[in-house]
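A look at the structure
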Amino acid sequence: MELISLLIILLALLLWFREKVIEFIMSLICSPNPFEKNTCTEVKAKVTDQKQRDAVLKQGFSLDKVPENLDAIVIGSGVGGLSVAALMAKSGKKVLVLEQHDQAGGCCHTYIEKGYEFDVGIHYVGEMATQTICKTYVDQITNGQLEWAPMRDDYDDVVFAEKGKEPRKYPVFSGNGRWEEYLKKTFPEEAKNIDKFFKMMDEVYPGVLTSAFVKFIPLWAVWLMRVTGLLKCFTNFYEWENKSCKDVIWGLTKNQELRDILSYGFGDFAAPPSMTGFPVLMYLYKHFSEGSSYPVGGASEIPFNIIPVIEAAGGKVLVRARVTKIIIDGKGQACGVEVKKGNQLVNVTAPFIISDAGVYNTFERLLPLEVASSSRFWPIVQTAKHGPGSLYVFVGINRDADELDILENKNAWIFTGSDIDKVTVDYWNLSREEVLDADVPHVFLSFPSTKDPEWKKKFPGKTTMALVTLIPYHWMEEWENKPVMKRGDEYESLKNTLGHKALEKACELYPSIRDHIDYVNIGTPLSNRHYLGSPRGEICGLAHTIERFSLRNNAILRPQTDIPGLYLTGQDVCCCGFNGAVWGGLICASSILFRNVKSDLENLHQIIEDERKAKAKSK
């Protein structure tokens, strides 16, 4: 024991000395602080003219538009790519973002059809209802132009809609202690178990926030900290790494209805309770605990307001630019990308290449095999699971929301059976033929138009509905190489059968919409593969399994790869969702700019908070 204690002390001293040396070196060579000052300006009127919006979001690629003397190239314009590009731009760097789709934004893009606008990936975002550090971050990379509309305090409904039974609805509340209080009133006999659940949430959450430090220290140091026990001094996240949501929640209570309610949010990270680690679920619930929000003007406001920040430093965001290869020079360094423009292949070079295309695309498709297979990322690529895909149903309703009896400014998670983990796993294990006769086990439902205060100005007398359910890719795999809109009758029949099952469930719960459905568009994992470049239609990148967040894998999945000049950003280096992707952008920027950007952000956030409190006190 004395030897272990001595090793711990020596390691602590080594890490302290290393930190001081790095701080001194960084003070001499690091890039400028991207959060040097508050860049928020007065919010301008929303731009609704589509030509003006397209001029920002749909700038087509051509060589003459590529800026000279680039500092970096980002592959992919999801919010993980845009956020790192914006941070580098705020540090004076010239960055080119290349997007294979015909508009920028990734899951934040929207499309307009038959007089309706649909968000494809943003349904609600936490930590934007108050001036959290995350909101300060997003404010700065949009110069304060991105506004957020708060959703209802009961932002989610958990709905059990089993055949032959009356639907049972349980609201989920934001606000300190409100959900816990509601559950204890609803399940008084389970009060002690509910208290334990929320106590564990408070214990686990801080460890989730500190778990990412392993992405910035050498892998040998990560190993040494584990074997010496020093890791516990920094985070308790990895003490839970072998415990699934099901292990913990099913162990708390035998009440199946309560089990299902406490684990209902698994759809947000696309992994059922038996497959994902408990801390991920705790982070999700804490993320929404102080309120949920929706971007005013719709999700495309996000890229629309980040792109000008990138351009202000001389950068560009160009679309219809499919990157086919990351170029590796004779010294083994990433130095550029090969872009397909029509039938031609053109090369664009820069000192840093940043991939927001995901770990799979980066290592299996974009890098030469001999380079990728020798990387420490390769074993993860070979063994990790792809996350599931989704079936999307976008519905246009030719009535104002006020004329309908529907959810307003909130979401519903609809489950068609008890034990939501079992029914989900069983459903995924069905064959393509069997699923045609099966009930859809879960459906996420929302009316996005009711969340956006700008909607009625743009689309009066109309309402939109979005339905999402998780499905495995293998049901659609047969048609993956068929062109869009030309996949054949069998594919269309399967897609429509599944989509209309979800739509019928929505009509049963909200019958006032049935006679006013004006437009229906159904998307599958192949849609994600085509429009977003997801290899197997996954919506959350790497599957959010227990193994994905193990200490080893979490440490390896860092922005700085072992290929000089190549960095990763977005969901796969952090976690899924809008906030996961933007924080992936921040830790990537920290690695490239060689400075503690999170500390810079915290300092600015404190200044803004102090100014806000001073103003409030003076009134």
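Look above for the structure.
Notes on the structure follow. If you're wondering where the values come from, they're calculated on a predicted model, not measured in any experiment.

**Points about the overall build of the protein chain**
The secondary structure content of the protein chain amounts to 22 helices and 20 strands. What you see for the protein chain is a C-alpha radius of gyration of 24 Å, in line with the 25 Å of a compact globule of 619 residues. By its C-alpha atoms, the protein chain is 70 × 65 × 60 Å across when sized along the principal axes. Here the protein chain, with 619 residues, has 59% of them falling under the buried criterion.

**Some details on the sheet that holds strand β12 (residues 334–341)**
Read from one edge to the other, the open sheet built from three strands follows the order β11-β12-β13, with strand pairing classed as antiparallel. Each edge of the open sheet carries a strand with a single partner, namely β11 (322–328) and β13 (344–349). Across the sheet, the mean angle separating the axes of adjacent strands is 30 degrees when strand polarity is ignored. In terms of strand pairing, β11 meets β12 through six bridges, oriented antiparallel. By the bridge assignment, isoleucine 326 is partnered in β12 with valine 337.

**Details of empty space enclosed by the protein**
For the structure shown, the criterion picks out three cavities of 30 Å³ or more. By volume, the largest cavity amounts to about 70 Å³. Residue lining of the largest cavity: Glu117, Asp119, Tyr294, Gly297, Gly298, Pro448, Ser449, Asp452, Trp455, Lys458 and Thr464, and that is the complete set. Looking at the lining of the largest cavity, the elements that each hand over two or more residues are β4 (116–119) and α17 (455–458). Taken as a whole, the second largest cavity spans an internal volume of roughly 60 Å³.

**Re the sheet that holds strand β17 (residues 442–446)**
Ordered by their spatial adjacency, seven strands build an open sheet running β8-β7-β16-β17-β18-β15-β19, and the pairing between neighbours is mixed. Since the sheet does not close on itself, it has two edges, and those belong to β8 (168–172) and β19 (517–523), each with one partner. On average, each strand axis in the sheet is inclined to that of its neighbour by 20 degrees, with strand direction left out of account. Bridge count between strand β7 (residues 156–160) and strand β16 (residues 411–415): five bridges; the pairing is parallel. Along β16, the bridge assignment pairs phenylalanine 160 with phenylalanine 415.

**Looking at the nonpolar core**
Residues Trp179, Leu183, Phe197, Leu445 and Met465 are the most contacted members of the largest nonpolar core, which totals 111 residues. With residues up to four places along the chain from it excluded, the contact list for tryptophan 179 reads Pro171, Val172, Phe173, Phe198, Ile261, Tyr264 and Tyr285. In this structure, Val56, Ala85, Ile141 and Leu146 belong to the second largest nonpolar core, which totals 87 residues.

**Observations regarding the environment of alanine 543**
Along the chain, alanine 543 falls in the loop between α19 (525–532) and α20 (551–556). The class of alanine 543 is buried, set by a relative accessible area of 8%. With 151 residues separating them in the primary sequence, alanine 543 and tyrosine 392 have C-alpha atoms 19 Å apart. The residues touching alanine 543, leaving out its near neighbours within four places in the chain, are Lys385, His386, Gly387 and Arg548.

**Here we look at the packing of aromatic side chains**
For the structure on display, the rule yields 38 aromatic pairs. Ring centres 6.2 Å apart and planes at 35 degrees place the aromatic pair tyrosine 116 and phenylalanine 118 in the tilted group. Each member of the pair, tyrosine 116 as well as phenylalanine 118, carries the same accessibility label: buried. For the pair phenylalanine 160 and phenylalanine 415, a centre-to-centre distance of 6.1 Å together with 35 degrees between the ring planes defines the contact as tilted.

**As for unusual backbone geometry**
Backbone phi values are negative for most residues with the exception of glycine, while trans is the configuration of most peptide bonds. In this model, lysine 114 sits at a positive phi of 55 degrees, which is unusual for a non-glycine residue. Residue placement: lysine 114 occurs in the loop between β3 (110–113) and β4. A positive phi angle, close to 55 degrees, is found at asparagine 143, a residue other than glycine. Within the secondary structure, asparagine 143 is located in the loop between α4 (133–141) and β6 (148–150).

**Things to note about the packing of helix α5 (residues 178–186) against helix α6 (residues 191–210)**
Running from N to C, α5 and α6 cross one another at 160 degrees; their axes reach a closest spacing of 9 Å. In terms of orientation, α5 lies roughly antiparallel with respect to α6. Between α5 and α6 the crossing geometry is right-handed. Between α5 and α6, the residues in contact are Trp179, Glu180, Leu183 and Lys184 and Ala191, Ile194, Asp195 and Phe198, respectively. Classifying every residue of the contact of α5 with α6 by side-chain character gives five nonpolar, no polar and three charged.

**Brief notes about the packing of helix α3 (residues 79–90) against α4**
Helix packing geometry: the angle between the two helix axes and the distance between the axes. As a packed pair, α3 and α4 sit with axes 10 Å apart at the nearest point and diverge in direction by 70 degrees. In terms of their interaxial angle, α3 and α4 are classed as roughly perpendicular. Handedness of the α3/α4 crossing: left-handed. Residue-level contacts link Ser83, Ala86, Leu87 and Lys90 of α3 to Tyr137, Gln140 and Ile141 of α4. For the contact of α3 with α4, the class distribution of residues is four nonpolar, two polar and one charged.

**Quick notes on the pattern of salt bridges**
Counted according to the given criterion, the structure contains 35 salt bridges. Between lysine 456 and aspartate 400 there is a salt bridge, with the nearest N and O atoms lying 3.4 Å from each other. You can see lysine 456 sitting in helix α17 and its partner aspartate 400 sitting in the loop between β15 (389–397) and β16, a full 56 residues away along the chain. Taking relative accessible area as the criterion, lysine 456 reaches 42% and is therefore assigned partly exposed. Linked by salt bridges that have partners in common, Arg152, Asp154, Asp157 and Lys410 make up one network.

**Structural notes on the pairing of strand β2 (residues 95–98)**
What you see with β2 is no split at all: Val95 and Val97 on one side and Leu96 and Leu98 on the other are buried throughout. Where strand β1 (residues 72–75) lies against β2, four bridges are found, and the strand directions are parallel. Residue pairing across strands places alanine 72 opposite valine 95, the latter belonging to β2. The parallel pair β1 and β2, bridged by α3, forms a crossover whose chirality is right-handed. As paired elements, β2 and strand β10 (residues 316–318) share three bridges and run parallel to each other. Of the residues in β10, the one forming a bridge with leucine 98 is leucine 318.

**So, helix α10 (residues 278–288)**
The element α10 is largely enclosed, with a buried count of 10 among its 11 residues. Taken as a whole, α10 has its buried residues at Phe278, Pro279, Val280, Leu281, Met282, Tyr283, Leu284, Tyr285, His287 and Phe288.

**As for helix α15 (residues 420–428)**
Within α15, the full set of buried residues consists of Ile420, Asp421, Thr424, Tyr427 and Trp428. The buried side chains of α15 occupy one side of the element, clustering within an arc of 140 degrees when seen end-on.

Analysis parameters
- Residues numbered from 1 in each chain as written.
- Predicted model: local features only at pLDDT ≥ 70, side-chain atom pairs only at ≥ 80, totals over all residues.
- Heavy atoms only, no water.
- Helix = DSSP H or I, 4+ residues; strand = E, 2+ residues; numbered from the N terminus.
- Rg over C-alpha atoms; globule rule 2.2 N^0.38 Å.
- Buried < 20%, exposed > 50% of the residue type's maximum accessible area, 1.4 Å probe, protein only.
- Pairing = 2+ DSSP bridges.
- Axes fitted to C-alpha atoms, helices over the stretch in contact; angles between N-to-C directions.
- 1 Å grid on protein atoms, 1.4 Å probe; cavity = no way out; pocket = protein on both sides within 12 Å on 5 of 7 lines; lining within 4 Å.
- Points joined across faces, edges and corners; volume = space filled by probe spheres on them.
- Core = buried A, V, L, I, M, F, W, Y, C linked by side-chain atoms within 4.5 Å.
- Contact = heavy atoms within 4.5 Å.
- Phe/Tyr/Trp six-rings, centres within 6.5 Å; stacked < 30°, edge-to-face > 60°.
- Parallel < 35°, antiparallel > 145°, perpendicular 65-115°, else oblique.
- Left-handed = near helix turned anticlockwise from the far one by under 90°.
- Nonpolar A, V, L, I, M, F, W, Y, C, P; charged D, E, K, R; others polar.
- Salt bridge = Lys/Arg side-chain N within 4 Å of Asp/Glu carboxyl O.
- Right-handed = clockwise from strand over helix to strand, strands pointing away.
- Arc of directions from axis to C-beta.

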